[in-house]
There are 2 protein chains.
Amino acid sequence: MPTAAKESQADRPKRRVGRPRAAQGPDGGAAPAAEPRDQILAAASELFTVQGYTATSTRAIAARAGMRQASMYYHFPSKEALLSSLLETTVAPSLEFAEWALAERDASAEARLWALARIDAAQLAGAEHNLGALYLLPEVQQEAFAPFRQMRGRLRDSYRELLGRTDPARDYPPGGLAERAHLVFGLVEGVILARLEHAPVADPATYSAGVADGVLRLAGSRDLPFARRQGLRLCADWIGRSEHLPSSTTPKDRA
Amino acid sequence: MPTAAKESQADRPKRRVGRPRAAQGPDGGAAPAAEPRDQILAAASELFTVQGYTATSTRAIAARAGMRQASMYYHFPSKEALLSSLLETTVAPSLEFAEWALAERDASAEARLWALARIDAAQLAGAEHNLGALYLLPEVQQEAFAPFRQMRGRLRDSYRELLGRTDPARDYPPGGLAERAHLVFGLVEGVILARLEHAPVADPATYSAGVADGVLRLAGSRDLPFARRQGLRLCADWIGRSEHLPSSTTPKDRA
DNA sequence: ATTATCTATAGATCTATAGATAATGC
DNA sequence: ATTATCTATAGATCTATAGATAATGC
């Protein structure tokens, strides 16, 4: 079995089935030799955020992934499918956490809200490219992106659910629950807009904790330091948990 | 002189110089007969937000404005110029208010911050189309849009300036001023994201007041009701003021 | 003469499909 | 035989410019 032979160089590209790629000029500095599918997604991720979705040609994506334009279509049926895939990858982790947190009745709603905001904001702030900006593409309103929109809707509902279970101080705060949930959601996703100025946020961990604190202020939390401590623990629990799992359970496809 | 003759119908379009437009099929329900320049901007505003910037052809814009594709170029030198114009129109009023408010030393920093957030959020929430979403277009990073970016930067700086002059309660809040300013700015511009779901926000006035309240909570305000009352008065002053002016002083072009 | 439109078009794209081809795997 | 690429291309755009034309204004 030749494939089992020990590779002499760690970096030596594995021999692959199929016609080899043509020499493509300088490699472009992209990932060394990931799966073609991932190379394409990485290329699209960069180009969509830097140049825009419509302004990015399939030719440019393919070039950056080290192949010819038409070869991309072996891996994805359309340009839309690329965008779909990127969008869903972006919300999935936060949504997974949200659904886990909703079930963790031992922790206070405030702590869970803090943790959700923290994880969500950190994901938005820390991603290599500002993929969250793609949420605003008008194209996303099309039918093809309904699954993504549904996922994002469920995430927003989770915020509302947790927010509704908090126990705000005094007259704090006025306005309907739905409206407050929008403010909270807006504060978190405001990270996307903050990134427009100074490329990646300096320190995503600190920044996202600041966002989570802000969320509890909007919620009228009475004991922020306590909720924050509990929330941090939840984040840690979750991270520990997901490291044991095979590779994070694929998000359950239930509506 | 036939032009001086009293028009029999108020709606009768004024006779204009230049070759008349060709019959264009159903009018599309657009504005009755505004200036061509404004018709074009209105068309672009709708199409850019609904279909996306690159995805909108100059042909589609012209059609909606009731003229042929090439005629648009008599009024604007390029598609980019259209976008520039829309973007600048969107920030200009908030920026004008911000610079006025910065100079109003009689009012507390909190009240001025509340008022700024209120006016800015109301503008974002109340505009017919979600023009704020255009801020995230990658194209906006290009040199051609530097004036817009500079205006938006000055607006953000105004938030920071006012925030820095507030007098927060207790340890409230941690984090550097720049970071808190970003949170505040993010909360306000989160309106843009909220609009993705349910087209125009139900009630922009109430909603934007809620945003402004949220800003003061983030700022750690100690007497929100008082600041809100003062802030409301500032808004009213400003609106009264600008109604007396010829048509709002054009935003001073100083950097 | 001036203005605001029109028609026509150059030149440059762009997405997706068809069908050929160069590897590996059995 | 299967896989993953390649080349070539159909068919449909799209932006901006050139130059003609139909009004008004003087």
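Scope of this entry: the structure provided in the associated data block. Model, not experiment: these values are computed from the prediction. (Residues numbered from 1 in each chain as written. Chains lettered and ligands numbered in written order. Predicted model: local features only at pLDDT ≥ 70, side-chain atom pairs only at ≥ 80, totals over all residues. Heavy atoms only, no water.)

**Details of the side chain of Thr56 of chain A**
Residue and element names in this part refer to chain A.
Logical step 1: Summarising the element assignment, Thr56 is placed in the loop between helix H1 (36–51) and helix H2 (58–64).
Logical step 2: For Thr56, a relative accessible area of 0% translates into the label buried.
Logical step 3: In this structure the side chain of Thr56 is engaged in a polar contact, spanning 3.2 Å, whose partner is the backbone oxygen of Leu47.
Logical step 4: Filtering out sequence-adjacent residues up to four positions away, Thr56 remains in contact with Leu47, Phe48, Gln51, Ile61 and Lys79. (Helix = DSSP H or I, 4+ residues; strand = E, 2+ residues; numbered from the N terminus. Buried < 20%, exposed > 50% of the residue type's maximum accessible area, 1.4 Å probe, protein only. Polar contact = N/O pair within 3.5 Å; in protein donor to acceptor, adjacent residues only side chain to side chain. Contact = heavy atoms within 4.5 Å.)

**Things to note about the relation of the copies chain B and chain A**
Logical step 1: Rotating chain B by 180 degrees and moving it 0.0 Å along the rotation axis overlays it on chain A with an RMSD of 0.0 Å. Such values leave the two copies arranged in the relation of a two-fold axis. Judged by C-alpha distance, Leu187 of chain B is the residue of chain B that lies nearest the rotation axis, at 2.2 Å.
Logical step 2: Take the interface residues of chain B: 100% of them recur as interface residues in chain A, which is what a same-surface contact looks like. (Least-squares fit on C-alpha atoms with pLDDT ≥ 70 in both.)

**Topic: the protein's contact with DNA strand C**
Logical step 1: In the vicinity of DNA strand C there are 28 residues, among which Arg15 and Tyr73 of chain A together with Ser71, Tyr74 and His75 of chain B approach most closely.
Logical step 2: Those atoms of DNA strand C that come within 4 Å of the protein belong to sugar or phosphate at a rate of 69%.
Logical step 3: In this structure, a base nitrogen belonging to DNA strand C sits 3.0 Å away from a main-chain N or O atom of Arg19 of chain B.
Logical step 4: Contact between DNA strand C and Ser71 of chain B: a phosphate oxygen at 2.3 Å from a side-chain N or O atom of the residue.
Logical step 5: Tallied by class, residues from the surface near DNA strand C come to ten nonpolar, eleven polar and seven charged. (Near = heavy atom within 4 Å. Nonpolar A, V, L, I, M, F, W, Y, C, P; charged D, E, K, R; others polar.)

**Quick look at the protein's contact with DNA strand D**
Logical step 1: In the vicinity of DNA strand D, 28 residues are found, and the nearest of them are Ser71, Tyr74 and His75 of chain A together with Arg15 and Tyr73 of chain B.
Logical step 2: Contact distances for DNA strand D include 2.8 Å between a phosphate oxygen and a side-chain N or O atom of Thr58 of chain B.
Logical step 3: Of the residues belonging to the surface near DNA strand D, the class tally is ten nonpolar, eleven polar and seven charged.

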